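Chain residues, written in single-letter form:
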Amino acid sequence: MMKFRFRRQGADPHRDRIRHDLFAFSKTVEHGFPSQPSALAYDPVLRVMAIGTKAGAVKLYGAPGVELTGLHKETATVTQLHFLPGQGWLLSLLDDNTLHLWEVCQKDGCSHLEETRSFGLPGRPGCSPGITRVTVVLPTSSCAVACLGTEGGAVYFLALPSLVLLEDKTLFPDEVLQSVPDEYRCGKALGPVESIQEHPHDSSRLLIGYSRGLVVLWEQSTRVVQHLFLGSQQLESLAWEQSGKSIISSHSDGGYMVWAVSGAGQKTQQPIMSTIPYGPFPCKAISKILWRTCESGNPFIIFSGGMPRASYGDRHCVSVLQGQTLATLDFTSRVIDFFTVQSPEVAEGGFENPRALVVLVEEELVAIDLQTPGWPTIPAPYLAPLHSSAITCSCHVSNVPLKLWERIISAGEQQSPRLSSAAWPIDGGKNLAQEPTQRGLLLTGHEDGTVRFWDASGVSLKPLYKLGTASIFQTDCEHNDSLTQAGEEEWPPFRKVGCFDPYSDDPRLGVQKIALCKYTAKMVVAGTAGQVLVMELSDEKSEHAVSVATVDLLQDREGFTWKGHDRLAPRNGPLPFAPGFQPSVLVQCVPPAAVTAVTLHSEWNLVAFGTSHGFGLFDYYRRNPVLARYEGGTVVLGTPLERCLGVWVLSSIGACRCTLHPNDSLAMEGPLSRVKSLKKSLRQSFRRIRKSRVSGKKRLNASSPSSKVGTEGAGTATAASRARGAGADAASPRQVQEANAQLAEQAGPPEVEMTPVQRRIEPRSADDSLSGVVRCLYFADTFLRDAAHHGPTMWAGTNSGSVFAYALEVPSQEKFSERAVEAVLGKEIQLMHRAPVVAIAVLDGRGNPLPEPYEVSRDLAKAPDMQGSHSMLISSEEQFKVFTLPKVSAKTKFKLTAHEGCRVRKVALVSLASTGSEERLENCLACLTNLGDIHIFTVPSLRPQVHYGCIRKEDISGIASCVFTKHGQGFYLISPSEFERFSLSARNVTEPLCRLEVARLQDTSCLSNSSMATPKLPQANGTHVPRSPEGQHSPTNSDRSPEEHPAAFSPSSIDSPNSSMENPLDTTGDITVEEVKDFLASSGEVERNLRNASEDEARPTGILIK
Amino acid sequence: MVGEVQVMNSSLLVLYNLSYEFGAEFRRFSLDRYQPGKFEDFYKLILHIHHIANLEVMIGYADVHGDLLPINNDDNFLKAVSSANLLLRVFIQRQDEVDYSNFGTNTLSRKKKALVTLRNDNLRRRPHINISMPHDFRPVSSIIDVDILPETHRRVRLYRHGCEKPLGFYIRDGTSVRVTPHGLEKVPGIFISRMVPGGLAESTGLLAVNDEVLEVNGIEVAGKTLDQVTDMMIANSHNLIITVKPANQRNNIIRSSRMSGSSGQSTDSTASHHSLPTSHVLQNFHPDEMESDEEADIVIEGGLEPQHIPKLHSLTSSSLSRINGSSLSHRLQRDLALNNNSGRESNGNIHKLLSSLKTDPRHSLVIPRGGIEEDGTVITL
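Predicted model only: the values in this text are computed from it and were never measured. (Residues numbered from 1 in each chain as written. Chains lettered and ligands numbered in written order. Predicted model: local features only at pLDDT ≥ 70, side-chain atom pairs only at ≥ 80, totals over all residues. Heavy atoms only, no water.)

A word on the overall build of chain A
Point 1. Secondary structure assignment for chain A yields 12 helices and 67 strands.
Point 2. Counting only residues that meet the buried cut, chain A has 62% of its 1106 residues in that class.
Point 3. For chain A, the share of sequence-separated contacts (at least 6 apart) that also reach a separation of at least 24 residues comes to 64%. (Helix = DSSP H or I, 4+ residues; strand = E, 2+ residues; numbered from the N terminus. Buried < 20%, exposed > 50% of the residue type's maximum accessible area, 1.4 Å probe, protein only. Contact = heavy atoms within 4.5 Å.)

A short note on a nonpolar patch on the surface
Residue and element names in this part refer to chain B.
Point 1. Together, Val-177, Val-179 and Leu-184 make up an exposed nonpolar region whose accessible area comes to about 340 Å².
Point 2. Structurally, the position occupied by Val-179 is in strand S9 (residues 169–180).
Point 3. Using a relative accessible area of 73% as the deciding quantity, one classes Val-179 as exposed. (Patch = residues over 30% accessible without salt bridge, like charges linked within 9 Å, V, L, I, M, F, W, Y side chains within 5 Å. Areas by Shrake-Rupley, 256 points an atom, 1.4 Å probe, with all protein chains shown as cover. Salt bridge = Lys/Arg side-chain N within 4 Å of Asp/Glu carboxyl O.)

A short note on the side chain of Lys518(A)
All names here are of chain A.
Point 1. Topologically, Lys-518 is positioned in the loop between strand S37 (511–517) and strand S38 (522–527).
Point 2. Put simply, Lys-518 is tucked away with no salt bridge, and the nearest opposite charge, on Glu-855, sits 4.1 Å away.
Point 3. Here Ser-398 takes part through its backbone oxygen, which lies 2.7 Å from a polar atom of the side chain of Lys-518.
Point 4. Setting aside anything within four residues of it in sequence, one finds Lys-518 in contact with Val-397, Ser-398, Asn-399, Val-400, Pro-401, Leu-404, Glu-852 and Glu-855. (Lys, Arg positive; Asp, Glu negative; His and termini not counted. Polar contact = N/O pair within 3.5 Å; in protein donor to acceptor, adjacent residues only side chain to side chain.)

Description of the sheet that holds strand S4 (residues 57–61) of chain A
Residues and elements named next belong to chain A.
Point 1. Strand order in the open sheet made by the four strands is S2-S3-S4-S5, with antiparallel pairing throughout. Bordering the open sheet on either side are strand S2 (37–43) and strand S5 (67–71), each of which pairs with just one other strand. Strand-to-strand, the axes of this sheet are offset by a mean angle of 15°, without reference to chain direction.
Point 2. Examined bridge by bridge, S2 and strand S3 (residues 48–53) share six bridges and lie antiparallel to one another. Looking across to S3, one finds that Asp-43 is bridged to Val-48. (Pairing = 2+ DSSP bridges. Axes fitted to C-alpha atoms, helices over the stretch in contact; angles between N-to-C directions.)

Side note on the sheet that holds strand S53 (residues 791–798) of chain A
Point 1. Spatially, five strands are ordered S52(A)-S53(A)-S54(A)-S55(A)-S14(B) in an open sheet, and the strand pairing comes out antiparallel. Two strands in the sheet have a free side with no partner beyond their single neighbour: strand S52 (774–782) of chain A together with strand S14 (298–301) of chain B. For this sheet the average axis-to-axis angle between neighbouring strands, irrespective of direction, equals 20°.
Point 2. Note that strand S54 (residues 802–809) of chain A and strand S55 (residues 822–830) of chain A share eight bridges and pair antiparallel. Its bridge partner lying in S55(A), Phe804(A) is registered against Glu828(A).

Considerations on the packing of aromatic side chains
Residues and elements named next belong to chain A.
Point 1. Using the criterion set out here, one finds 24 aromatic pairs over all chains in the structure.
Point 2. Aromatic side chains Phe-25 and Tyr-948 sit 5.1 Å apart centroid to centroid with 20° between the ring planes, which places their arrangement in the stacked category. Of this pair, Phe-25 sits in strand S1 (residues 23–32) while Tyr-948 is found in strand S63 (residues 944–949), placing the two residues 923 residues apart along the sequence. The pair formed by Phe-25 and Tyr-948 is uniform in burial state, with each residue classed as buried. (Phe/Tyr/Trp six-rings, centres within 6.5 Å; stacked < 30°, edge-to-face > 60°.)

Comments concerning the pattern of salt bridges
Point 1. Tallied over the full model, the rule gives 33 salt bridges over all chains.
Point 2. In this structure, the salt-bridge partner of Glu30(A) is Lys59(A), at a minimum N-O distance of 2.3 Å. Residue Glu30(A) is found in strand S1, and its partner Lys59(A) is found in strand S4; the two are separated by 29 residues along the sequence. Neither residue differs from the other here; Glu30(A) and Lys59(A) are each classed as buried.
Point 3. Linking Glu215(B) and Arg155(B) is a salt bridge whose minimum nitrogen-to-oxygen distance equals 3.0 Å. Linking Glu215(B) in strand S11 (residues 212–216) with Arg155(B) in strand S8 (residues 154–158), this pair joins segments that are 60 residues apart in sequence. Across the pair, exposure class does not vary: Glu215(B) and Arg155(B) are buried alike.
Point 4. One connected set of salt bridges, linked through shared partners, spans Glu30(A), Lys59(A) and Glu978(A).

A word on helix H1 (residues 39–49) of chain B
All names here are of chain B.
Point 1. Every buried residue of H1 is accounted for by Phe-39, Phe-42, Tyr-43, Ile-46, Leu-47 and Ile-49. In a view along the axis of H1, the buried residues occupy a sector of 165°, so they form one face of it. Every exposed residue of H1 that faces more than 90 degrees away from the buried side is listed here: Lys-44 and His-48.
Point 2. Two residues or fewer past H1, His-51 is found with a positive phi of approximately 55°. (Arc of directions from axis to C-beta.)

Re helix H5 (residues 402–415) of chain A
Residue and element names in this part refer to chain A.
Point 1. With 14 residues, H5 ought to run about 20 Å at 1.5 Å a step, and its terminal C-alpha atoms sit 20 Å apart, in line with that.
Point 2. All buried positions along H5 are accounted for by Leu-404, Trp-405, Ile-408, Ala-411 and Gly-412. Axial view of H5: buried residues confined to an arc of 130°, hence all on one face. Opposite the buried face of H5, by more than 90 degrees, sit the exposed residues Lys-403 and Glu-413.
Point 3. In this structure, the buried side of H5 is in contact with strand S33 (441–446), strand S34 (450–455), strand S35 (462–468), strand S39 (531–538) and strand S43 (580–590). (Expected span 1.5 Å × (residues − 1).)

Some details on the nonpolar core
The tendency in soluble globular proteins is for nonpolar side chains to be buried side by side.
Residue and element names in this part refer to chain A.
Point 1. Ranked by internal contacts, the top residues of the largest apolar core, which has 36 residues, are Ile-408, Leu-441, Val-451, Phe-453, Leu-467, Met-523 and Phe-581.
Point 2. Here this core takes four residues from H5, the largest share from any one element.
Point 3. Phe-453 has contacts with Ile-408, Leu-441, Leu-442, Leu-443, Lys-462, Pro-463, Leu-464, Tyr-465, Leu-467, Met-523 and Phe-581, leaving out every residue within four places of it along the chain. (Core = buried A, V, L, I, M, F, W, Y, C linked by side-chain atoms within 4.5 Å.)

Details of unusual backbone geometry
Residue and element names in this part refer to chain A.
Point 1. A cis amide bond, omega 0°, links Gly-279 with the succeeding residue Pro-280.
Point 2. Following Val-939, the chain continues into Pro-940 via a peptide bond in cis, with omega recorded as 0°.
Point 3. By the secondary structure assignment, Pro-940 is in the loop between strand S62 (933–938) and S63.
Point 4. Of note, Arg-623 is a non-glycine position whose phi angle comes to about 55°, a positive value.

Describing the pairing of strand S13 (residues 240–245) of chain B
Residues and elements named next belong to chain B.
Point 1. Within S13, five of the six residues are buried, which leaves the element mostly enclosed by the surrounding structure.
Point 2. Sheet topology places S8 next to S13; five bridges connect them, and they run antiparallel. Within the sheet, the bridge partner assigned to Leu-158 lies in S13 and is Leu-240.

Remarks on the UniProt feature "repeat: WD" (unreviewed entry) in chain A
Point 1. Those residues carrying the UniProt feature "repeat: WD" (unreviewed entry) are residues 441–455 of chain A in this numbering.
Point 2. Within the segment residues 441–455 of chain A, helix and strand shares are 0% and 80% respectively, and the terminal C-alpha atoms sit 5 Å apart. (UniProt positions renumbered as here; feature names shortened; annotations may be inferred.)

Thoughts on the environment of Phe157(A)
All names here are of chain A.
Point 1. Within the fold, Phe-157 resides in strand S12 (residues 155–159).
Point 2. Judged by relative accessible area, which is 1%, Phe-157 ranks as buried.
Point 3. Separated by 700 residues in the primary sequence, Phe-157 and Ser-857 have C-alpha atoms spaced 71 Å apart.

Details of the environment of His613(A)
Point 1. Within the element layout of this structure, His613(A) appears in the loop between strand S45 (606–610) and strand S46 (614–619).
Point 2. Considering only alpha carbons, one finds His613(A) and His661(A), 48 residues apart in sequence, at a separation of 8.8 Å.

Topic: the pairing of strand S23 (residues 286–294) of chain A
Point 1. Counting buried residues in S23(A) gives seven out of nine residues, a clear majority hidden from the surface.
Point 2. The antiparallel hairpin formed by S23(A) and strand S24 (residues 297–305) of chain A contains two residues in its connecting segment.

Shown next as structure tokens:
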């Protein structure tokens, strides 16, 4: 009757030791494409590329698996990145006008990226601070000096790597103007320095271009102007021809000019060639131009921009011109920068022969093979634009059998045949990470109805296969991409490149839930309009009609009228399907509300699905709905197939269970679509804001120091109020988090609502809206009827804390065609606290979760203990409870919300391997809460083990997108385009380990080891900052040396630099009403914090960087 | 089992009485409303009337709120009689079948009641005594732990005794001033912002607007966000214990008279019985040990094997007699659980049932003798 559990806290050193070996939290690697990239650089010697982002992150990429990440202490946009070729040094310029030197350091055989020095150009007395704003950075090829061009027109020289200003070398515009003829001078300033280019063969000669149009060839050593090019058109960029005999300049009118370079003391008035490629109508500026010589023929002229302003001013283009051949590469997002890949050393008189053109646009990275005719694209092994259509759900399948793996890869290859034979050109560095021990498949469902298959086994997330479901339905816009079939005569010759296409034809196509059986290659994809597609992998292409079965989830419930969207109309007749997953049956839920849960049992040929109105069970072998309702015995309803419009249509009544509460009116208004439309409108407005903010080019923040002031008020206020909660030991990681939060809040609403936020305290009532939403479905072979006989069962949990358990009569394999599956309602459990049921699992006699179908028969899992005493773990949003089976009585429970004030968002049973002993494998319950913390509990005793902060609680799309893997890793979206991978296991960690061989000219080995004044950020690879677990459960990380993971002891945490860059609602479709409430609450918090800060004005603003 | 006693002016009238054997017997006798005599006598009388003198029975009655309360001493006997409005409904159960959890309000959910009995070993092992058994009393919202809390603080237990009243209050963020070694310091805090008229919080008068919330069920709220505190309160809403620092410090309890003071604000004097032992409990309160089955989940067995599971949907008098070996109170509970398809809490149901039993002299007076048996079964369902 009364339970007494006396538990001494931390009194068991043995258990503590085990905990250590089992649990360790670390954010290991970011998959996908960095959000909001802002700068690009390439090192031709090391063959690595660097991408800088608006959040201040710097990421280096080489060969697949070679990834280094760094994060600036300041949350400022990286505006420029420049490698010191071959040195392993990287200069970054931030929009706060500071320069930072990054160094590739070797530690324990692995390379890391660390910031070593920074430099700010001192202002000139009596001048506006804008005058010393750096516009151009050029490290000279000797790597001893960096030239800085400024807004004021002066060029400064900086010794490398010490970042010491060489004051006597500074070149002021006055000195240049002395050699400029009076008539050109005419009293006007030269304007900002737009470009500095080093002579390809003589490093002492610099080509300096000023905004007004003047280009000067400057001899550094003698301080003499060697050649003046008196251009009159506003200059955008400059490039040398490789021989050094001519230069090319691009201009703001959309034209470019070629100038001949000759001996000393010359003045050239006219270029040898001047053209406006997309003229004659007014064109936009050509922001960057490159000239690459080619052995095989005409040189390449590659430039970005220059499009006719009126007709194509909104296109984002890079043009590649070789002789008469012109390709206008048309991107769907803004071009950030581009470079060509060629051998680093070109002999005098030789040719550059660029192998590839790499273009970074705002949403993806595209490489063009310049050596294959037709210039096809080279598929990138990393930096996949996950968000080419917004991610609506994701699902992870671990231990994928080799057979299925190969079939998926082959389907993917047939889908997108490689046009280019070229290998990925950026292949520097060496991947030291071990070959992944097992194949992990990450599936992402997208807004446009596609499911993408990713190889998530290792550090780089590779696309494998893309499954489209839109072709099965009639949509407004038919799917024959009209853009790709550009007319032959069209001018300019646009060529659509890249795959980022965020615009969905029909939001109803959005994928909500995915289930895949890895042994039978059966898959279920369920979407926004109540469509449930049962698919099967086929290696052959096929043409067949898809059977359609309609399941009325409302049955005979009266008084409900669906006010949401219509169902998607399936296309009639046989449809062609490429090799890959091909649909066999379409089960259409009526009303067509979004599918909220789906599960598949391939051994029993059953698929269960649920919406906000109820759930249904479908036998896809017989293509029959299975009645799942106790009403006068067991009857299987399912009218015979009837031929209708060339489509097999099944209709049924009562083949499901309605979970709708009689008072639930909201459910009929298409609540999920309402949330979606809210999401959509939010997204649109955020896009607008973003657009207006990125309109500028280089000098986005011409008045940088003051440009932030407007938002700083909000940022400081929140930072201040949050800092209250932080201890005094909150160090720099917190600062990054704050900065991130601040960045995110820049997009927030500017108005400050002063009404205090109130929360009503009332218990949940049965007639809360959306109580009928089916939250989880589960199949298990267990004891439902009595303790002697086990059998197939199906479980469903709803939003109002109800659990329905059905006993299934599944005929044996041979009799599938003869006998139908039958279902009888066995039990109905109403959790008293009425919180939504998030997950259900059955544990066997030994407390292990039941294996997946076929896992035992294929010898991939131990057979479960079927000797009885099964138990059932029900996880609601508020508590975890273990019940006995078949008599349902509570065994243990843990009331998370009552104790911690947090609610369960995601749970998973994970098995964690110990670092201590090989055999120790513990099954645990991992839980992500609405506060972004991850808690781990033992199973079935439900004792809390450790908890870690993982995601910022304001980042609701991050929390909503989280998926756990079977072996204690996980993924969540830190931006619409990036998954952060994390690990809860001390043993199973997937993190980048790589080495870049650096041969420095000046041996200043590892600057960071010298006693630098710069305090180092405790980070391993930027966002990979293992947080030390909070609370008394934290295991001290004694197995790893502090050198290895310096941040493991950091008392506080940082989040990914990108986590807050996007508006938080932009990505995942799996957003519940609760989460929107959270979002509203968190924005409310901002208001509150503002209010608090205004109450307490004495708080210094400096607390922001506390 | 169920009987009705009518109180008319100064005499008590027993109209009829259903014995534990489900037969109906009617007895009338008079008692002085204001001096009904001793419980012992009444008990003997009942046993005598029904010819069950050899049985140990528990007598209960339905009070004006519709709650099932026991009659087992002179005090509650007097209270039962004097508070009865014309008709007093009496329940008789065999002592060995008495499910004490049936008494009180949240009848189904209160198997383990106050933290007191849960934790205090001495108290737990002590055999049930007839006087002042905690479970004989209806738990009410009260002030608890007066002896261990600073005088400026107040610990309040809000008990929704099966009523439809909402808890009825709102909380907000705010700042409070604390005295620290460094002087006065402003710290963020959670405050009660609003009362819902007619809600439990308002009607008990235990909480007031601008009271600062310090703890929820023994867990400090410092450092927690408004949303976290909201979730904690909702998750504990079936038995919410809030420690507050009242905005109005003038009504503070004065130590010397704390025993009487503790009930000063509460609606029932039983609070004083709770306050002392509970205080010790909450002192060492560990959330993990707050294991109570107060929120037993309802399990409804499906019709998998009808031969094992009695068909309780359609209980008729014949089926009642078939299984009359089992206690009616048990069946009553089970039936309620089974009738719970609508998702209503069963304690709500029993409460409804009890209130439907509310005295209606006209009704009971016109009941034909022969129809009573059927009426009885209808009532139990």
